[in-house]
Amino acid sequence: ETGVTQSPTHLIKTRGQQVTLRCSSQSGHNTVSWYQQALGQGPQFIFQYYREEENGRGNFPPRFSGLQFPNYSSELNVNALELDDSALYLCASSSGTLSSYEQYFGPGTRLTVT
Amino acid sequence: AQSVTQLDSHVSVSEGTPVLLRCNYSSSYSPSLFWYVQHPNKGLQLLLKYTSAATLVKGINGFEAEFKKSETSFHLTKPSAHMSDAAEYFCVVSDPGGYQKVTFGTGTKLQVIP
């Protein structure tokens with residue numbers, strides 16, 4: 001069973017640029033969530049995709065957007081990067097959207113905005 | 001609205017002594033509760049979860065947690081700390097709903113002294 005993978009591992013961007021982060025969900029999982037983890041903080045929920053549709057969103061502006069593909073892999077896009085967007089971005093997959101289902105996390109993408 | 005408070009940002013114990021990491025939650029529903037561990041430069045790993053079955057939950061690596069509704073607590077314990085337990089621990093609450101609305105605590109960094 002393949003776990004959750006994310007790419008790239010690290011990324012450096014300049015303020016105002018756009019970035020795309022990628023996530024492959026665990027085999028058999030149809031739900032993907034994205035989180036932002038600032039240094040020294042707990043992860044914050046960005047949004048969740050279920051069967052290619054966004055079905056829940058946290059308190060993040062519209063410049064954070066995403067996609068989920070038919071194979072349930074996902075992308076996180078961030079436009080007009082700001083310095084505060086520097087963080088570890090985590091992707092998690094699960095077998096459904098029930099609150100009792102556990103999420104399996106990828107290793108994350110470290111984004112630095114200069 | 002749901003929330004999680006981890007009462008200690010840092011906990012230091014000697015190897016072989018008990019571990020107690022404290023977590024209080026707030027929820028308008030019957031939530032699911034989780035503890036995750038994050039080792040440096042590694043992804044989040046699920047330790048255990050509570051989903052309205054037994055109030056004493058056993059997890060991996062000798063950890064367990066007790067759900068106390070009257071105290072709105074879900075403290076994590078281990079009888080004897082091992083050096084490999086040194087990591088950051090996150091308490092997580094998830095309310096039932098149309099998506100996995102997950103809120104992480106701010107984390108407790110566990111230091112194990114040899």
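Details of the structure are given in the entry above.
The structure reproduced in this document is the subject of the present report. A quick note: this is a predicted structure, and the numbers were derived from the prediction, not measured.

## Structural notes on the overall build of chain B
Part 1: The helix and strand tally for chain B stands at zero helices and twelve strands.
Part 2: Going from the N terminus to the C terminus, chain B shows its helices and strands as β-β-β-β-β-β-β-β-β-β-β-β.
Part 3: Dimensions of chain B, computed from C-alpha atoms along their principal axes, come out at roughly 45 × 30 × 20 Å.
Part 4: Counting all 114 residues of chain B, 45% fall into the buried class.
Part 5: Counting every atom, chain B has about 5,500 Å² of accessible surface; 52% of that belongs to carbon and sulfur.
Part 6: Averaging the locations of the 9 positively and 8 negatively charged side chains of chain B gives two centres separated by 5 Å.

## A look at the packing of aromatic side chains
Part 1: Overall, the coordinates contain 14 aromatic pairs over all chains when judged by the stated rule.
Part 2: Consider the rings of Phe105(A) and Phe104(B), whose centres lie 6.0 Å apart with planes at 85 degrees: the pair is edge-to-face. Of this pair, Phe105(A) sits in strand S10 (residues 104-105) while Phe104(B) sits in strand S11 (residues 101-104), each in a different chain. Pair check on accessibility: Phe105(A) and Phe104(B) agree, each one buried.

## Side note on the pattern of salt bridges
Part 1: Counted according to the given criterion, the structure contains eight salt bridges over all chains.
Part 2: Lys49(B) serves as the salt-bridge partner of Glu102(A), at 3.5 Å between the closest nitrogen and oxygen. Placement of the pair is Glu102(A) in the loop between strand S9 (87-94) and S10 and Lys49(B) in strand S6 (residues 44-50), with the two residues belonging to separate chains.
Part 3: Here Lys49(B) falls in the partly exposed class, since its relative accessible area comes to 29%.
Part 4: Between Arg22(B) and Asp8(B) there is a salt bridge, and its shortest N-O distance comes to 3.0 Å. Here the residue Arg22(B) occupies a position in the loop between strand S3 (19-21) and strand S4 (23-26), and Asp8(B) occupies one in the loop between strand S1 (3-6) and strand S2 (10-14), the gap between them amounting to 14 residues.

## Things to note about the nonpolar core
Part 1: Core analysis: the largest hydrophobic core is formed by 26 residues, its most contacted members being Trp35(B), Leu48(B), Phe74(B), Leu76(B) and Tyr89(B).
Part 2: The element best represented in this core is strand S10 (residues 87-95) of chain B, accounting for four residues.
Part 3: Formed by 20 residues, the second largest nonpolar core is a distinct cluster that contains Trp34(A), Ile46(A), Phe60(A) and Ala87(A).

## Some details on the state of the cysteines
Note on terminology: a disulfide is the covalent bond linking the sulfur atoms of two cysteines.
Residues and elements named next belong to chain B.
Part 1: The tally for this structure, following the rule as stated, stands at two disulfides over all chains.
Part 2: In this model, Cys23 is linked to Cys91 through a disulfide, with the two sulfur atoms separated by 2.0 Å. Judged by the sign of its S-S torsion, about -65 degrees, the cystine formed by Cys23 and Cys91 is left-handed. Taken as a pair, Cys23 in strand S4 and Cys91 in strand S10 lie far apart in primary sequence, 68 residues in all.

## What to know about the interface of chain B and chain A
Part 1: Each side of the interface is counted separately: chain B has 21 residues, and chain A has 27 residues.
Part 2: When chain B packs against chain A, the two sides together hide about 1,700 Å² of surface, and 50% of this comes from carbon and sulfur.
Part 3: Linking chain B with chain A are one salt bridge.
Part 4: On inspection of chain B and its partner chain A, the count reaches three residue pairs in polar contact (both at pLDDT 80 or more).
Part 5: At the level of secondary structure, the elements contributing two or more residues to the side of chain B that touches chain A comprise strand S5 (32-38), S6, S10 and S11 of chain B.
Part 6: Class assignment for the residues of the side of chain B that touches chain A results in nine nonpolar, ten polar and two charged.

## Overview of the pairing of S2(B)
Residue and element names in this part refer to chain B.
Part 1: In S2, alternate side chains face the same way, and those of Val11 and Val13 are buried while those of His10, Ser12 and Ser14 on the opposite face are not.
Part 2: Note that S2 and strand S12 (residues 108-113) share five bridges and pair parallel. Opposite His10, over in S12, you have Lys109 as the bridge partner.

## Digging into the sheet that holds strand S1 (residues 5-7) of chain A
Residues and elements named next belong to chain A.
Part 1: Across the sheet, which stays open at both edges, the four strands sit in the order S1-S3-S8-S7 with antiparallel pairing between neighbours. The open sheet has two edge strands with one neighbour each: S1 and strand S7 (64-68). Strand-to-strand twist of the sheet, defined as the mean angle between neighbouring strand axes without regard to direction, takes the value 20 degrees.
Part 2: Relative to strand S3 (residues 19-24), S1 is paired through three bridges, and the arrangement is antiparallel. Note on S3: the bridge partner recorded for Ser7 is Arg22.

The rules behind these values
- Residues numbered from 1 in each chain as written.
- Chains lettered and ligands numbered in written order.
- Predicted model: local features only at pLDDT ≥ 70, side-chain atom pairs only at ≥ 80, totals over all residues.
- Heavy atoms only, no water.
- Helix = DSSP H or I, 4+ residues; strand = E, 2+ residues; numbered from the N terminus.
- Buried < 20%, exposed > 50% of the residue type's maximum accessible area, 1.4 Å probe, protein only.
- Areas by Shrake-Rupley, 256 points an atom, 1.4 Å probe, with all protein chains shown as cover.
- Lys, Arg positive; Asp, Glu negative; His and termini not counted.
- Charge placed at Lys NZ, Arg CZ, Asp CG, Glu CD.
- Phe/Tyr/Trp six-rings, centres within 6.5 Å; stacked < 30°, edge-to-face > 60°.
- Salt bridge = Lys/Arg side-chain N within 4 Å of Asp/Glu carboxyl O.
- Core = buried A, V, L, I, M, F, W, Y, C linked by side-chain atoms within 4.5 Å.
- Disulfide = S-S within 2.5 Å.
- Contact = heavy atoms within 4.5 Å.
- Buried area = accessible area lost by both parts, 1.4 Å probe.
- Polar contact = N/O pair within 3.5 Å; in protein donor to acceptor, adjacent residues only side chain to side chain.
- Nonpolar A, V, L, I, M, F, W, Y, C, P; charged D, E, K, R; others polar.
- Pairing = 2+ DSSP bridges.
- Axes fitted to C-alpha atoms, helices over the stretch in contact; angles between N-to-C directions.

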